Amino acid sequence: MKELFAPNAKPQPKVFLTMVGAQVLLLLLLWLFYPLQLFPSLGEVLAALQDLLTTQGLLQELWASLTCALGALALATLLALLLAYLTALPFFRPLAYAASKMRYLTLTGLTFFMALLLSSGHQVKLAVLVFAATVYLVTGMTSVMLSTSQEEMDHARTLGMGEWRSFLEVVVRGKLADMLEVVRQNFAIIWTLITLVETLYQSEGGIGLLLYKQNRYLHLDGVLAIQLVILATGATQDYVFSLLRRVFFPYAQLSVAK
Amino acid sequence: MPDYSYQEPVLTLRNISMQFGGEVVLRDISLDVLNVVRPGMSQGQVVGFYGRSGIGKSVLCRIIAGLLPPSTGTVLVANPQRPVEAGDVGFVQQRYPLFNHRTLFDNLLVAATRKHAPAEAKAKAEDFLNRFDLAQHRRKYPAQLSGGQRQRAAIAQQLLCSEHLIILDEPFSGLDIAMIDEVKKIILEVTALDELNTVVIVSHDLATTTALSDTLWLLGPERDAAGQCIVGATITKNHQYNLAEMGLAWQPGIQAKPEFVQLLEHLKDEIRKS
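Residues numbered from 1 in each chain as written. Chains lettered and ligands numbered in written order. Predicted model: local features only at pLDDT ≥ 70, side-chain atom pairs only at ≥ 80, totals over all residues.

Novice: Could you clarify how one ought to interpret the overall build of chain A in this entry?
Specialist: Across its full length, chain A carries eleven helices and zero strands. For chain A, the C-alpha atoms occupy an extent of roughly 65 × 60 × 25 Å along the three principal directions. The 258 residues of chain A split such that 32% are buried. Considering only contacts in chain A between residues 6 or more positions apart, those separated by 24 or more positions represent 69%. (Helix = DSSP H or I, 4+ residues; strand = E, 2+ residues; numbered from the N terminus. Buried ≥ 20, exposed ≤ 12 C-beta atoms within 10 Å, placed from the backbone. Contact = placed C-beta atoms within 7 Å.)

Following this line, the structure appears as structure tokens:
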């Protein structure tokens, strides 16, 4: 028990899981027995969730948003990797720099331009998500690449590797695990945006539209239920990404302080 | 008549100077490392390389390793002599870098494939795993190795693809006495692998390094006639010590000899003065 409050302590997994379980239980009990006036009660949220699942197709809408988000993430990852890796050539560095700075563009202005350029609502939705995710991913990925030390590059060169081979070995292969971590961290941005974009382009539905409708009619219990579903989906995604990292890059965790 | 002779050059530095943004770091360095031959013996040699911290030792090492082109001058390696290229000289940096995303065996294999066909490279990597007592760790990643194992792996990796020359940057730093003995053994084993193998040891551990060396270099500023330091460090003729000529090379228990102790004191004074 004492070790749970000691700095840098390493409680046993069983102790730690029990502690997390107790914290969640406490939160649920507080919610159950001391409901806030404006905040829907646990029972109301569960009832709203059941209604959303049975009559409003929550799972189908979630699936539609999830597939769209995953598609956008795949495209954005490819684009961002390409932009980041191209920074090996000085000619392309301004491009990656500019892409990174485009994080500051607002969504409203962006969707307007996308709508002018593209024909269907789906394309606009996908384009906005890919664009937004790419600019964040490029920022994280170039940052990972910049963490490459002189020592690492020199090491590859002393083994007789040319400049491209050194880059491939040290930056591309050597940093893949970190790149996956960047993708995991930035996936959340797509979820933030998708709910916004789906309200702008309603023809394809999606969990964002469902959330918008609940919000519009002040169904706070429904809003909270959907938010919790998104939260659970995000947590599952995080877990899957961590699992992929452990399976494909087992070395990545070896030097991390435990 | 000495029981050794010098033959073809192994490493030659001619008029090496280095400037960074107008600041002269190294100046007019000319050195020759010749193949030393001892009758009835096949063994390489060790060069000890000293100098104060921040004087430019690492810069010179990177120049010798072909990683950094000097502002002026040339570095020649191999026989016949040719300008150095990255990959000709092995360079084991202070933190023993390895590819963290590759297993130990893969780390050695990637180095061996540079000089050998795939099947031969595999056999070479296996051979080096055994020679460096690392066979039982072949499937481990670098992060799972101890400091000593990492160092052995880094040396083995560089030896698998370099042309006889290998630079060790601070190989004794932070090691306990047992590990220092272990590293000394490895260095002597490396020199025994081939007549032309030459190990340059960059170190602040004067006693250990001098006891292993055939030659010493001391990098420091030169003084003019008025006693003022000339900008840029160099290795003057006075600071190139041929320990074989001085009768201080290749002797077990050399550290107990008064001449050796005197040399150490002299080296310390020279380093302090610089």
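Next comes the rest of the account.
Novice: Any chance you could explain the overall build of chain B here in plain terms?
Specialist: Secondary structure assignment for chain B yields seven helices and eleven strands. Relative to a compact globule of 274 residues, whose C-alpha radius of gyration would be 19 Å, chain B shows 19 Å and is just as compact. Its C-alpha atoms put chain B at 60 × 45 × 35 Å along the principal axes. In chain B, buried positions account for 43% of the 274 residues. Here the analysis covers contacts within chain B between residues at least 6 apart in sequence; of these, 71% occur between residues at least 24 apart. (Rg over C-alpha atoms; globule rule 2.2 N^0.38 Å.)

Novice: Help me understand the packing of helix α2 (residues 42-55) of chain A against helix α11 (residues 220-248) of chain A in this model?
Specialist: Each packed pair of helices is defined by two parameters, the angle between the axes and the distance between the axes. Residues and elements named next belong to chain A. Two elements in contact, α2 and α11, have axes whose closest approach is 8 Å; the angle formed by their N-to-C orientations is 75°. Considering the angle they form, α2 stands roughly perpendicular to α11. In this structure, α2 uses E44, V45, A47, A48, L49 and L52 to contact α11, whose residues at the interface are D221, G222, L224, A225 and I226. Classifying every residue of the contact of α2 with α11 by side-chain character gives eight nonpolar, one polar and two charged. (Axes fitted to C-alpha atoms, helices over the stretch in contact; angles between N-to-C directions. Parallel < 35°, antiparallel > 145°, perpendicular 65-115°, else oblique. Nonpolar A, V, L, I, M, F, W, Y, C, P; charged D, E, K, R; others polar.)

Novice: For this particular structure, what's the right way to read the UniProt feature "domain: ABC transmembrane type-1" (unreviewed entry) in chain A?
Specialist: Under the present numbering, the feature "domain: ABC transmembrane type-1" (unreviewed entry) in UniProt falls on residues 62-241 of chain A. As annotated, residues 62-241 of chain A has a helix share of 82% and a strand share of 0%, and its two end C-alpha atoms lie 19 Å apart. (UniProt positions renumbered as here; feature names shortened; annotations may be inferred.)

Novice: How should I be thinking about unusual backbone geometry in this particular structure?
Specialist: Peptide bonds are mostly trans, and most non-glycine residues show a negative phi. Residue and element names in this part refer to chain B. The step from N79 to P80 runs through a cis peptide bond, and the omega angle for that step is 0°. For P80, the position within the fold is in the loop between β4 (72-77) and β5 (82-83). Notably, N15 is not glycine yet its phi reads approximately 50°, a positive angle. With respect to the helices and strands, the residue N15 is situated in strand β1 (residues 5-20). Positive phi outside glycine occurs at Y96, with the angle close to 50°.

Novice: What should I look at first to understand the interface of chain B and chain A in this one?
Specialist: Counting residues at the interface gives 21 residues for chain B and 14 residues for chain A. Of all the secondary structure elements, the ones that give two or more residues to the side of chain B that touches chain A are β6 (89-92), α2 (104-112) and α4 (147-161) of chain B. Sorting elements by how many residues they give to the side of chain B that touches chain A places α4 of chain B first, with three residues.

Novice: I'm lost on α2 of chain A in this one. Help?
Specialist: Think of an α-helix as turning once every 3.6 residues; residues three or four places apart then point the same way. Residues and elements named next belong to chain A. Taking 1.5 Å per residue, 14 residues should reach 20 Å; α2 reaches 20 Å between its end C-alpha atoms and fits that length. The set of residues buried in α2 consists of V45, A48 and L52. Taken around the axis of α2, the buried residues stretch over an arc of 60°, which confines them to a single face. Relative to its buried face, α2 has exposed residues pointing more than 90 degrees away, namely G43, Q50, T54 and T55. At the exit of α2 stands G57, carrying a positive phi of roughly 65°. (Expected span 1.5 Å × (residues − 1). Arc of directions from axis to C-beta.)

Novice: Whenever I open this one, the UniProt feature "transmembrane region" (unreviewed entry) in chain A confuses me. Can you help?
Specialist: Within this numbering scheme, the UniProt entry marks residues 15-34, 62-92, 104-120 and 126-147 of chain A as carrying the feature "transmembrane region" (unreviewed entry). As a span, residues 126-147 of chain A carries 95% helix and 0% strand, and end to end its C-alpha atoms are 31 Å apart.

Novice: Got a minute to help me understand the packing of α2 of chain B against α4 of chain B in this structure?
Specialist: Residues and elements named next belong to chain B. Where α2 meets α4, the axes come as close as 7 Å, and the angle between the chain directions of the two elements is 20°. If you check the angle between α2 and α4, you find them roughly parallel. Between α2 and α4 the crossing geometry is right-handed. Contacts from L104, N107, L108, A111 and A112 in α2 reach A153, A156, Q157, L160 and C161 in α4. Grouping the constituent residues of the contact of α2 with α4 by class yields eight nonpolar, two polar and no charged. (Left-handed = near helix turned anticlockwise from the far one by under 90°.)

Novice: Teacher, can you tell me more about the pairing of strand β3 (residues 45-51) of chain B here?
Specialist: Look at any regular strand and the pattern is simple: side chains alternate between the two faces of the sheet. All names here are of chain B. Counting buried residues in β3 gives seven out of seven residues, a clear majority hidden from the surface. Residue alternation in β3 divides its side chains into two sets, Q45, V47, F49 and G51 and V46, G48 and Y50, and both sets are buried. Pairing analysis gives five bridges linking β3 to strand β9 (residues 215-223), with the strands arranged parallel. Counted as the bridge partner of Y50 is L218 from β9. (Pairing = 2+ DSSP bridges.)

Novice: Would you mind showing me how to read the confidence of the model for chain A here?
Specialist: In regions of low pLDDT, the predicted coordinates are not meant to be interpreted in detail. Per-residue pLDDT for chain A has a mean of 89; in total, 99% of the residues score no lower than 70. Taken element by element, the predicted model of chain A shows its lowest mean pLDDT in helix α5 (residues 107-117) of chain A (79) and its highest in helix α8 (residues 163-173) of chain A (95). (pLDDT = per-residue confidence, 0-100.)

Novice: Please explain the environment of L196 of chain B as it appears in this structure.
Specialist: All names here are of chain B. Tracing the backbone through its elements, the reader meets L196 in the loop between α5 (177-193) and β8 (198-202). A sequence separation of 151 residues divides L196 from Q45, and the C-alpha atoms of the two residues are 7.7 Å apart. Filtering out sequence-adjacent residues up to four positions away, L196 remains in contact with V10, N35, G44 and H164.

Novice: I'm lost on the pairing of strand β10 (residues 229-234) of chain B in this one. Help?
Specialist: Residues and elements named next belong to chain B. With three bridges joining them, β9 and β10 adopt antiparallel strand pairing. What sits directly across from G220, in β10, is T234. Joining the antiparallel neighbours β9 and β10 is a turn of five residues, in which G227 adopts a positive phi near 85°.

Novice: Quick question: what am I supposed to make of the environment of L108 of chain B here?
Specialist: Here L108 of chain B is to be found in helix α2. Sequence-distant contacts of L108 of chain B, defined by excluding residues within four places in its chain, comprise A125, F128, L129, A156, Q157 and L160 of chain B.

Novice: Mind showing me how you'd approach α8 of chain A here?
Specialist: Within α8 of chain A the residues assigned to the buried category are S166, F167, E169, V170 and V171 of chain A. Here the buried face of α8 of chain A lies against α6 (121-146) and α7 (150-158) of chain A.

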